[in-house]
Amino acid sequence: MIRDNLQQVEENIKSACDRSGRSRENVKLIAVSKTKPVEMLREAYDLGCRDFGENKVQELMDKYDKLPGDIRWHMIGHLQRNKVKYIVDKVFLIHSVDSLRLAEEISKEAVKKNVTVSILVEVNVAGEETKFGTTAKEAISLVEEIAKLPNIMIKGLMTIAPYVENSEENRLYFAKLKQIYVDIIHKNIDNVFMEELSMGMTGDYEVAIEEGATYIRVGTGIFGERQYHNV
Ligand SMILES: *Cc1c(COP(=O)(O)O)cnc(C)c1O
């Protein structure tokens, strides 16, 4: 199943790249493996996946210990400050930094462990009340503040678009994140490297690619529906 799903996702990525005149190498696929057992991650790994996304610290740590060391782990879920210390030296990229306080904690733990942590600033472009993320208005000043902290490197922006039946409805949100990204590039802020736009999930990654996504985060489209029992 995972093999067929990955093939389908790959075809869709290619078509979206073709439609928008982008090259396939500029879009990186993150296999979002939250709630899925290690065996399924291993299967995806054997099929070539090296980027995996998790949204819980404990689950990420468990899987980290059981799977090969060349995996790039992406923390994509809301991160509590008291758990930062467990993952700063394990994650490749934290996508979900939405406050200065969280960034300060990441910076502090990164200094302690003598590592530099790459992060994305999460922006709630659609302004949904139920979602985390800084507001579009505050994104630039947050980036400016975080950029001053040691051992933390801002690599770009991330957003979680609303759940919609028709992915076209999210196009404006992806375009808006891209616009904020361009605005930040034009500000030439020291220690800010705007390279990545993490946007698009199973339901809307093709539209996200057309609007400039460099990371897409696909769970269901690779591993199938998630079952949540008592979590
Ligand atoms: C779960 C999750 C995804 C993947 O969602 P699918 O719809 O299953 O592709 C992507 N991004 C974030 C932040 C998530 O929590």
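Now for a description of the structure that goes with this document. Given the structure is predicted, the values throughout are model-derived calculations rather than measurements.

**Some thoughts on the overall build of the chain**
Line of reasoning, step 1. Summing up its helical and strand segments, the chain has 9 helices and 8 strands in all.
Line of reasoning, step 2. Taken over the C-alpha trace, the chain has a radius of gyration of 17 Å; the compact-globule value for 231 residues is 17 Å, and the two agree within 12%.
Line of reasoning, step 3. In terms of its C-alpha atoms, the chain occupies a principal-axis envelope of roughly 45 × 40 × 35 Å.
Line of reasoning, step 4. Here the chain holds 231 residues, and the buried ones make up 50% of them.
Line of reasoning, step 5. For the chain, long-range pairs separated by at least 24 residues make up 61% of all intrachain contacts whose partners lie at least 6 apart in sequence.
Line of reasoning, step 6. In the form shown here, the chain has an accessible surface area of approximately 11,400 Å², with 46% of it arising from carbon and sulfur atoms.
Line of reasoning, step 7. Of the charged side chains in the chain, 32 are positive and 37 negative; the average position of the first set lies 4 Å away from that of the second.

**Notes on the site of the ligand**
Line of reasoning, step 1. Close to the ligand lie Val32, Lys34, Ile76, Ile160, Met201, Thr202, Arg217, Val218, Gly219, Thr220 and Arg226, which account for all nearby residues.
Line of reasoning, step 2. At a separation of 2.8 Å, an oxygen atom of the ligand approaches a polar backbone atom of Gly219.
Line of reasoning, step 3. Separating an oxygen atom of the ligand from a side-chain N or O atom of Arg226 is a distance of 2.8 Å.
Line of reasoning, step 4. Contact with the protein chains covers 89% of the free accessible surface of the ligand, which is 390 Å².

**Remarks on the packing of aromatic side chains**
Line of reasoning, step 1. Under the definition given, this model contains 1 aromatic pair.
Line of reasoning, step 2. Seen from their ring centres, Phe52 and Trp73 are 5.9 Å apart, and the 35° between their planes marks the pair as tilted. Taken together, the positions of Phe52 in strand β2 (residues 51–54) and Trp73 in strand β3 (residues 72–75) put the pair 21 residues apart, joining distant regions of the chain.
Line of reasoning, step 3. In this structure Trp73 comes out as buried when scored by relative accessible area, which is 1%.
Line of reasoning, step 4. Sitting over the ring of Tyr215, Lys28 keeps its end group 4.6 Å from the ring centre.
Line of reasoning, step 5. Taking NZ or CZ as reference, Arg50 lies 3.6 Å from the ring centre of Tyr45, over its face.

**Comments concerning the environment of Gln58**
Line of reasoning, step 1. Positionally, Gln58 belongs in helix α3 (residues 57–66).
Line of reasoning, step 2. Overall, Gln58 belongs to the exposed group, its relative accessible area being 53%.
Line of reasoning, step 3. Separated by 94 residues in sequence, Gln58 and Ile152 have C-alpha atoms that sit 22 Å apart.

**Concerning the state of the cysteines**
Line of reasoning, step 1. Tallying each qualifying case throughout the model produces 0 disulfides.
Line of reasoning, step 2. Cysteine Cys17 shares no disulfide, and the gap to the nearest cysteine sulfur, in Cys49, comes to 16 Å.

**Some details on α3**
Line of reasoning, step 1. Within α3, the full set of buried residues consists of Val57, Leu60, Met61 and Lys63.
Line of reasoning, step 2. Those residues of α3 that are buried lie in contact with α2 (38–46), β2, β3 and α4 (84–87).

**Re the pattern of salt bridges**
Line of reasoning, step 1. Enumeration over the complete set of coordinates arrives at 18 salt bridges.
Line of reasoning, step 2. The closest approach of N and O atoms between Lys108 and Glu105, which form a salt bridge, is 3.6 Å. Of the two residues, Lys108 and Glu105 both sit in helix α5 (residues 100–113), 3 residues apart, roughly one turn of that helix.
Line of reasoning, step 3. You can call Glu105 buried: its relative accessible area is 16%.
Line of reasoning, step 4. The salt bridge partner of Arg171 is Glu210, with a shortest N-O separation of 2.7 Å. Here the residue Arg171 occupies a position in helix α7 (residues 171–187), and Glu210 occupies one in helix α8 (residues 205–210), the gap between them amounting to 39 residues.

**Points about the nonpolar core**
Line of reasoning, step 1. Among the nonpolar cores identified, the biggest contains 69 residues, and Phe52, Ile94, Ile106, Ile119, Ile146 and Leu157 are the most heavily contacted of them.
Line of reasoning, step 2. By residue number, the principal contributor to this core is helix α1 (residues 2–20), which donates 6 residues.
Line of reasoning, step 3. If sequence neighbours within four positions are ignored, Ile106 has contacts with Leu79, Val84, Val88, Ile94, Val97, Val117, Ile119 and Ile152.
Line of reasoning, step 4. Ranked by size, the runner-up nonpolar core spans 7 residues in total, among them Ile76, Leu93, Met158 and Tyr215.

Criteria and cut-off values
- Residues numbered from 1 in each chain as written.
- Predicted model: local features only at pLDDT ≥ 70, side-chain atom pairs only at ≥ 80, totals over all residues.
- Heavy atoms only, no water.
- Helix = DSSP H or I, 4+ residues; strand = E, 2+ residues; numbered from the N terminus.
- Rg over C-alpha atoms; globule rule 2.2 N^0.38 Å.
- Buried < 20%, exposed > 50% of the residue type's maximum accessible area, 1.4 Å probe, protein only.
- Contact = heavy atoms within 4.5 Å.
- Areas by Shrake-Rupley, 256 points an atom, 1.4 Å probe, with all protein chains shown as cover.
- Lys, Arg positive; Asp, Glu negative; His and termini not counted.
- Charge placed at Lys NZ, Arg CZ, Asp CG, Glu CD.
- Near = heavy atom within 4 Å.
- Polar contact = N/O pair within 3.5 Å; in protein donor to acceptor, adjacent residues only side chain to side chain.
- Phe/Tyr/Trp six-rings, centres within 6.5 Å; stacked < 30°, edge-to-face > 60°.
- Lys NZ or Arg CZ within 6 Å of the ring centre and 35° of its normal.
- Disulfide = S-S within 2.5 Å.
- Salt bridge = Lys/Arg side-chain N within 4 Å of Asp/Glu carboxyl O.
- Core = buried A, V, L, I, M, F, W, Y, C linked by side-chain atoms within 4.5 Å.

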